[in-house]
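Letter by letter, the chains look like this.
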Amino acid sequence: MMYETLAHFYDALVKDDEATKLWVSLIEQNIEGKDILELACGSGEITIALANDGYHVTGTDLSEDMLEEAKKKHGSDKIIWKEMDMCDITVDQTFDGILCLCDSFNYLLHKEQVTSMFQQVKEHLKVGGTFIMDMHSLDRLDEFSEEYNEAGEIDQHEYQWTIQTVDDSIYQNFAFYDEEGRITLEQHIQKVYDPLWVKEILLQMGFDVKIYTDFNQQGICEGEKIFYICKLVGGKK
């Protein structure tokens with residue numbers, strides 16, 4: 001399963017305190033109310049930051065290892081943690097806001113999964129609630145058309161990390177070496193979707209959709225990430 005070994009090194013590789021602050025600010029500006037469900041919350045950086053900001057947060061992730069890393073952090077006791085697939089929302093509650101951040105959406109490899117997830121998000125939002133998600137832009141496919149390579153050391157473990165585009169997907173391969181040179185491998189695959197197709201599906205489901213690129217550019221522009229701010233104008237109360 002993904003995010004087993006990587007879970008223990010995830011923050012050291014990708015933690016971004018400035019991005020966390022930007023996310024919290026974006027959520028504050030666009031979600032009314034304090035009850036939040038976060039899908040694919042990972043190591044819980046944004047989850048805990050929101051709880052510290054006064055939100056009531058349920059943090060969910062498919063990876064037990066990632067949740068265990070999140071639970072080790074200061075402030076994690078404020079969160080309801082749940083192991084859960086974002087395509088199978090099993091929380092018996094509706095929320096003011098639902099989040100799927102940090103390109104977690106791109107782990108959905110089939111269009112049927114996308115529509116299923118959006119439908120379940122709709123069913124778990126209050127009327128007037130907001131769904132916020134981001135995903136890789138199409139520019140990312142060009143960025144990794146030639147293989148990216150990184151190597152280093154974390155906690156006396158050497159690692160290698162490669163990223164490369166194959167058709168409409170991004171393949172990330174990790175190799176971790178322990179003190180005795182034994183290797184653990186993980187592969188992550190993310191599918192990159194046409195942002196206009198994603199918008200159309202959300203509109204069909206009754207969301208009012210605003211799109212930004214890289215937090216602050218309105219519309220679909222050149223950049224790394226596409227952001228969707230989706231307000232539910234019909235659904236459960």
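Presented here is an overview of the structure given in this document. (Residues numbered from 1 in each chain as written. Predicted model: local features only at pLDDT ≥ 70, side-chain atom pairs only at ≥ 80, totals over all residues. Heavy atoms only, no water.)

**Describing the sheet that holds strand β8 (residues 169–177)**
Taken in spatial order, the four strands make up an open sheet running β6-β7-β8-β9, and their pairing is antiparallel. Looking at which strands have only one partner, the edges of the open sheet turn out to be β6 (148–154) and β9 (183–191). Across the sheet, the mean angle separating the axes of adjacent strands is 15° when strand polarity is ignored. As paired strands, β6 and strand β7 (residues 157–166) are joined by seven bridges and run antiparallel to one another. Residue pairing for β7: A151 is matched across the bridge by Q160. (Pairing = 2+ DSSP bridges. Helix = DSSP H or I, 4+ residues; strand = E, 2+ residues; numbered from the N terminus. Axes fitted to C-alpha atoms, helices over the stretch in contact; angles between N-to-C directions.)

**What about unusual backbone geometry?**
Note: most residues except glycine have negative phi, and most peptide bonds are trans. Phi is positive for D155, close to 50°, though the residue is something other than glycine. Tracing the chain through its elements places D155 in the loop between β6 and β7. In this structure, Q156 takes a positive phi of about 65° despite not being glycine. Structurally, Q156 can be placed in the loop between β6 and β7. When its relative accessible area of 59% is taken as the criterion, Q156 is described as exposed. (Buried < 20%, exposed > 50% of the residue type's maximum accessible area, 1.4 Å probe, protein only.)

**Overview of the pattern of salt bridges**
This structure, assessed with the given rule, holds 14 salt bridges. Taking the shortest distance from any N to any O, the salt bridge between R140 and E224 comes out at 3.5 Å. Here the residue R140 occupies a position in helix α6 (residues 139–143), and E224 occupies one in the loop between β11 (217–218) and β12 (225–232), the gap between them amounting to 84 residues. The exposure class of R140 is buried, given its relative accessible area of 12%. Judged by relative accessible area, which is 39%, E224 ranks as partly exposed. Several salt bridges converge on common partners, so that one network encompasses D11, K15, E45 and K73. (Salt bridge = Lys/Arg side-chain N within 4 Å of Asp/Glu carboxyl O.)

**A few points about the sheet that holds strand β1 (residues 35–39)**
In spatial order, the strands read β3-β2-β1-β4-β5-β12-β10-β11; together these eight strands make up an open sheet with mixed pairing. Because the sheet does not close on itself, it has two edges, and the strands there are β3 (80–83) and β11. Pairing of strand β2 (residues 56–61) with β3 involves four bridges; the strand directions are parallel. Residue pairing across strands places T58 opposite I80, the latter belonging to β3. On top of the sheet, helix α3 (residues 45–52) reaches β1, β2, β3 and β4 (95–100); it is set at about 170° to β2, its chief contact. (Contact = heavy atoms within 4.5 Å.)

**Points about the pairing of β9**
Direction of pairing for β8 relative to β9: antiparallel, over a ladder of nine bridges. Across the sheet, the residue bridging to S169 is K191, located in β9. Linking two consecutive strands that pair antiparallel, namely β8 and β9, is a turn of five residues; a positive phi of about 85° is found at G181 within it.

**Re the environment of F144**
With respect to the helices and strands, F144 occurs in the loop between α6 and β6. Distance in space between the C-alpha atoms of F144 and S76 is 35 Å, their sequence separation being 68 residues.

**Quick word on the side chain of N106**
Residue placement: N106 occurs in the loop between β4 and α5 (111–123). In terms of polar contacts, N106 uses its side chain to reach the backbone amide nitrogen of H136, at 2.8 Å. Within the structure, the side chain of N106 is placed 2.7 Å from the backbone oxygen of K191, a separation counted as a polar contact. Contacts of N106, omitting those with residues within four sequence positions, involve M135, H136, I189, Q190, K191 and V192. (Polar contact = N/O pair within 3.5 Å; in protein donor to acceptor, adjacent residues only side chain to side chain.)

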